[in-house]
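Fold and contact review
Here are the chains, one letter per residue:
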Amino acid sequence: MFTIKDVKASIDEKEILKGISLELKPGEVHAIMGPNGSGKSTLAKVIVGHPDVEDPEGEICIDDKNILDLEPDERANEGVFLAFQYPVDIPGVNNAEFLRMAYNAKQKYHGKEEIDPFDFNELVKDKLKVLKMKERFLERPVNHGFSGGEKKRNEILQLLVLDPKVVILDETDSGLDIDSLKQVSEAVNYFKSQDKIILLITHYQRLLNYIVPDYVHIMNDGKVSKTGDKSLALTLEEKGYEGIES
Amino acid sequence: MKEESQLNPTLSSTDKRYNFQRRSADLFEKEGFPTNKHENWLYWTPDTFQDAFITPQIGAETNTESNEGIEIDNGRIKSEGTYKEIIVSTDMAAYSDVHHITNRVETSSLSLLPNSFFEEFIILDIQQDHKDPIHVTIKAESHEKGSVNTRILCLVREGVTANVVVNHDCIQGSDTVTNTYFETVCFKESHLELNQVFKAKQNVNVFNSSIHMHEKASCTHVSYTDNAAIMRHDTEVNFHGEEADLKLKGLNILSGKEQFYNHLKVNHHVGNCNCFQHFKTILTDSSTSEFSGLVFVEKGAHGTDSTQLNQNLLFSDSARALSRPQLRIDADDVLCNHGSTVGQLNPEEIHYIKSRGLNEEAAKQLLIYGFAEEIIENIHDTLTRETLEKQVKQKIECMKND
């Protein structure tokens, strides 16, 4: 269970989130939609502990553990994963090495044995197959020189390797062509079938054709203004935000 | 304009050597020590070491064990190694056909001193392909007041492919300086990978490098500097033939009060050559670095592609990075860029890594290592690269403990 209870947060002394509450159960996909500036990406930042967020209030719990006071790395090791809208380049750091370090950080956090490079290689190969990615992808520096689509697929590769409990996809569909969108969606649906919790942040209905949400939440002015099933996204596509709020 | 030697083919080696050294000494006498009135000597001048620079250590013995490969100790050949593809010589007369033996690099009059004082004019003549690394160790060990002067000419003959790894080890007393002149000539269609690692325990180390690129030659030069109180590098590149390609990469990690001054002049005398220069420095504590680079594209050197980039990562309010990349272009139809960055680690990058489960310290170390690795990864020989990667990792871990 992943619960967000009355979360408020500011960035640059401006209150962006004004009391958000959501409850997500294992195996559920929740989509968050909303106009620009409604607070969607800030919500993602609050969940992962981005340093821009000032004095967040409320509670964010994985099962019964409140993670709001934890460092970003501790939150990640508790099972939160954000697929970034704009993943950062890390020149000079090999993708495979970075993935293994992240994997081992989680193992260590949970008191488990670290994995050696050989066994890790086998683990990653299986995940690459899911995304139909080539092995040479692992030898490149993290996101450096990647196309927009490659960066998004690399985020999903990290997701599959790190196997978190809660996944936030922040506008993962932006910059993806149709084929890449299908591949990424297949990987996310594979992940969903493992009883994981998925929170999609998106502007467009098209992603929801491939990753079908159980719930759609509309955000407006830092709050959830409407919640419905997948048909709400279709209505939104037809009427726009102004039409749906009236 | 550079000064070239006037070697007379009829002279004996001793005469040639005398003429060359005399000419270098005369030029130095005329020009004198650099002062901070010179544009290339604004931040450090050798004032307090002048006596040491003009007092050559003659015949000083080193106290180190021999390694494999070519070994040069205090300016003299100690071991020629066992490379059958290389002629190791000190006979200048045999090399009258090499027209680019220079007395100095343009940015430093100090470069005239090793050409005045060398005990042996050491020639490494690579005549056949040698893809495995050729190891050269240049040791300078002295505890007496004075200078250790080393003069090396490295020739990569036409069509030859070679990989040379040079380790500079300096162990000095407080009044000792090292002054090395390393000249490289890449003949037509030769391919050279040259990696130079500088390690100095103390004091002042001056390294002068002159690189000559002939038609369709290619060279990747990677340098790494570690642990020197004061290190001054002056590099001059001359493109003599078209379609030559040179990559110059450098990494320096400075701590304490270490100072590194890096001066570079790239002369595109002819067109259609590529030169990519990328120098990075990581600074902690009260360390200082200076990068001053000038790319000069002469009139008529059309089709030149030259890029100069200097990046500095600072981890202390007391550390100082000075950067002056410059271009002078007198030709049309060229592609030249220059740039520099001075800054700290990007908080967004730290956050990204933390969001994958690594703690703040690990995230920072990974980013610093990534910054350094962009230079080291240009070393193609696996053993050399991995050895250096290990050294850099250890150095970065030490930064954590400071």
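Note that the structure is predicted; figures quoted are calculated from it, not measured. Every chain is numbered independently, its residues counted from 1 as its sequence is written. Chains carry letters and ligands carry numbers; both start at the beginning, A for chains and 1 for ligands, and go up in the order they are written. Reporting in this predicted model follows two pLDDT cut-offs: at least 70 for local features of residues, and 80 or more for side-chain atom pairs to be given and counted; totals over whole chains, interfaces and linings ignore these cut-offs and use all residues. Derived side-chain values reflect all non-hydrogen atoms in the structure, with water molecules and hydrogen atoms excluded from consideration.

Below, the discussion takes up the overall build of chain B. A helix here means a DSSP run of H or I that spans at least four residues, while a strand means a run of E at least two residues long, and both kinds are numbered starting from the N terminus. Along the backbone of chain B there are six helices and 19 strands. Taken over C-alpha atoms, the radius of gyration is set against a globule rule of 2.2 Å times the number of residues to the power 0.38. Taking 21 Å as the expected radius of gyration for a compact globule of 402 residues, we find that chain B reaches 21 Å, a close match to that expectation. Seen through its principal axes, chain B has C-alpha atoms that stretch 70 × 55 × 45 Å. The burial tally for chain B puts 60% of its 402 residues in the buried class. Whether two residues touch is decided by their heavy atoms; if any such pair falls within 4.5 Å, the residues are in contact. Considering only contacts in chain B between residues 6 or more positions apart, those separated by 24 or more positions represent 84%. Computed by Shrake-Rupley with a 1.4 Å probe, the accessible areas treat only the displayed protein chains as cover when residues are assessed. As displayed, chain B has an accessible area near 15,800 Å², and 44% of this comes from carbon and sulfur atoms. Each residue's exposure class comes from its accessible area (1.4 Å probe, protein chains only) as a fraction of the maximum for that residue type: buried when under 20%, exposed when over 50%, partly exposed otherwise.

The next subject is the side chain of R75 of chain A. Residues and elements named next belong to chain A. Here R75 shows up in helix α2 (residues 72–78). Here Asp and Glu are counted as negative and Lys and Arg as positive; His is not counted, and neither are the chain ends. In what follows, salt bridge is the name for a side-chain nitrogen of Lys or Arg lying within 4 Å of a carboxyl oxygen of Asp or Glu. As a buried residue without a salt bridge, R75 has its nearest oppositely charged side chain in D69, at a separation of 6.3 Å. Pairs of N or O atoms are called polar contacts if they sit within 3.5 Å, as long as, within protein, a hydrogen donor faces a hydrogen acceptor (for residues adjacent in sequence, only side-chain-to-side-chain pairs). A distance of 2.7 Å separates a polar atom in the side chain of R75 from the backbone oxygen of V46.

With that out of the way, let us pick up the interface of chain A and chain B. Interfaces are often described in size by the accessible area the parts lose on coming together. Opposite the 30 residues of chain A that make contact, chain B presents 18 residues. Counting the contacts that link chain A with chain B gives two salt bridges. Across the pair E71 of chain A and K354 of chain B runs a salt bridge, and its minimum N-O distance is 2.7 Å. Linking chain A with chain B are ten residue pairs in polar contact (both at pLDDT 80 or more). For the side of chain A that touches chain B, the per-class residue count stands at 18 nonpolar, seven polar and five charged. Gly counts as polar in this scheme, as do all residues outside two lists: the nonpolar Ala, Val, Leu, Ile, Met, Phe, Trp, Tyr, Cys and Pro, and the charged Asp, Glu, Lys and Arg.

Residues and elements named next belong to chain A. What the domain assignment reports for chain A is domain 1 (1–81 + 185–246) and domain 2 (85–163). In this document the domain limits rely on a domain assignment from an automatic tool or a database. For domain 1 versus domain 2, the separation of C-alpha centres amounts to 25 Å. Listed by partner, the interface residues are twelve residues for domain 1 and 16 residues for domain 2. Buried area is calculated as the accessible area (1.4 Å probe) missing from two parts once they are joined, with the contributions of both summed. At the boundary of domain 1 with domain 2, total buried surface from both sides reaches about 1,200 Å², with 65% on carbon and sulfur atoms. When the buried surface of domain 1 facing domain 2 is broken down by residue, N77, F81 and F191 rank first, second and third, together holding 51% of it. Applying the counting rule to domain 1 against domain 2 returns two salt bridges. A salt bridge links K196 to D163; its shortest N-O distance comes to 2.9 Å. For the interface between domain 1 and domain 2, the tally reads four residue pairs in polar contact (both at pLDDT 80 or more). Mapped by element, the contributors of at least two residues to the side of domain 1 that touches domain 2 are α2 and α6 (178–192).

For the rest of this paragraph, the subject is the sheet that holds strand β9 (residues 191–200) of chain B. Residues and elements named next belong to chain B. Each pair of strands is called paired provided DSSP finds at least two bridges between the two strands. The strand order across the open sheet built from ten strands is β2-β1-β5-β7-β9-β11-β13-β15-β17-β19, with neighbouring strands paired in mixed fashion. The sheet terminates laterally at β2 (76–79) and β19 (335–343), the two strands that pair on one side only. Strand-to-strand twist of the sheet, defined as the mean angle between neighbouring strand axes without regard to direction, takes the value 15°. In this structure, strand β17 (residues 305–314) lies alongside β19, joined through nine bridges in parallel fashion. The residue bridging S306 from the neighbouring strand is C336, located in β19. Axes, fitted as lines to C-alpha atoms, cover a helix only where it is in contact. Angles between the N-to-C directions of the axes lie from 0 to 180 degrees.

Here we take up the sheet that holds strand β11 (residues 215–220) of chain A. Residue and element names in this part refer to chain A. The strand order across the open sheet built from six strands is β6-β9-β10-β3-β11-β12, with neighbouring strands paired in mixed fashion. If you trace the sheet from one side to the other, it starts and ends with β6 (80–83) and β12 (223–228), each paired once. If you compare each strand with its neighbour and ignore which way they point, the axes differ by 20° on average. Docked against the sheet, helix α5 (residues 148–162) engages β6 and β9 (166–170), running at close to 165° with respect to β6.

Turning our eyes to something else, we now look at a negative patch on the surface. All names here are of chain B. Only residues whose relative accessible area exceeds 30% and that take part in no salt bridge are eligible for patches, with like-charged residues grouped when within 9 Å of each other and nonpolar side chains (Val, Leu, Ile, Met, Phe, Trp, Tyr) grouped when within 5 Å. A charged residue contributes its charge at one atom only: NZ of Lys, CZ of Arg, CG of Asp or CD of Glu. A cluster of acidic side chains, namely E158, E189, E215, E242 and E243, defines a negative patch on the protein surface. Tracing the chain through its elements places E242 in the loop between β12 (230–239) and β13 (245–254). On the basis of relative accessible area, E242 is assigned to the partly exposed category, the value being 36%.

Let's shift gears to the packing of helix α4 (residues 347–354) of chain B against helix α5 (residues 360–376) of chain B. Residue and element names in this part refer to chain B. Viewed as axis vectors pointing N to C, α4 and α5 meet at an angle of 120°, and their least axial separation amounts to 9 Å. What the angle tells us is that α4 and α5 run oblique. For α4 against α5, the interelement crossing comes out right-handed. Here E349, I350, I353 and K354 of α4 come into contact with α5, specifically with E360, A363, K364, L366 and L367. Class assignment for the residues of the contact of α4 with α5 results in five nonpolar, no polar and four charged. Reported orientations rely on four angle classes, namely roughly parallel under 35 degrees, roughly antiparallel over 145, roughly perpendicular from 65 to 115, and oblique for the rest. Crossing handedness follows the turn of the near helix against the far one: under a right angle anticlockwise gives a left-handed crossing, and clockwise gives a right-handed one.

So, on to the state of the cysteines. Cysteine sulfur atoms are paired as a disulfide whenever they come within 2.5 Å of each other. One pass over the structure, following the stated rule, counts zero disulfides over all chains. No disulfide involves C219 of chain B; its nearest neighbouring cysteine sulfur is the one of C186 of chain B, lying 4.4 Å away.

Caution applies to low-pLDDT regions: their predicted coordinates should not be interpreted in detail. Confidence of the predictor at the level of single residues is given by pLDDT, which spans 0 to 100. Of the residues in chain B, 94% have a pLDDT of 70 or more, and the chain-wide mean is 91. Across residues 1–9 of chain B, where pLDDT falls below 50, the model places 25 contacts with residues more than four positions away in sequence or in other chains.

Right, let's get into the pattern of salt bridges. Residues and elements named next belong to chain B. In total, this model carries 35 salt bridges over all chains according to the counting rule given. A salt bridge links D125 to R157; its shortest N-O distance comes to 2.9 Å. Taken together, the positions of D125 in strand β4 (residues 121–126) and R157 in the loop between β6 (146–156) and β7 (161–172) put the pair 32 residues apart, joining distant regions of the chain. The burial state of D125 is the same as that of R157; both residues are buried.

The next subject is the environment of H278 of chain B. Residue and element names in this part refer to chain B. Looking at the element boundaries, H278 is found in strand β15 (residues 274–283). Spatially, the C-alpha atom of H278 lies 25 Å from that of T178, the residues being 100 residues apart in sequence. In this structure, H278 is in contact with L248, K249, G250, L309, Q311, E374 and I375, ignoring residues within four places of it in sequence. Within polar-contact distance, the side chain of H278 engages the side chain of Q311 at 2.7 Å.

Residue and element names in this part refer to chain B. Domain annotation of chain B identifies domain 1 (13–241) and domain 2 (345–402). Relative to domain 2, the C-alpha centre of domain 1 lies at a distance of 31 Å. If you look at the interface, domain 1 gives twelve residues, while domain 2 gives ten residues. When the two sides are added together, the surface that domain 1 and domain 2 hide from each other amounts to roughly 890 Å², 59% of it contributed by carbon and sulfur. The largest share of the area that domain 1 buries against domain 2 comes from E193, V222 and Y224, three residues that together contribute 47% of it. Here domain 1 is connected to domain 2 by one salt bridge. Here D226 makes a salt bridge to K395, at a shortest N to O gap of 2.9 Å. For the side of domain 1 that touches domain 2, the secondary structure elements donating two or more residues are β7, β9 and β11 (218–226). Of the residues in the side of domain 1 that touches domain 2, the class split is five nonpolar, four polar and three charged.

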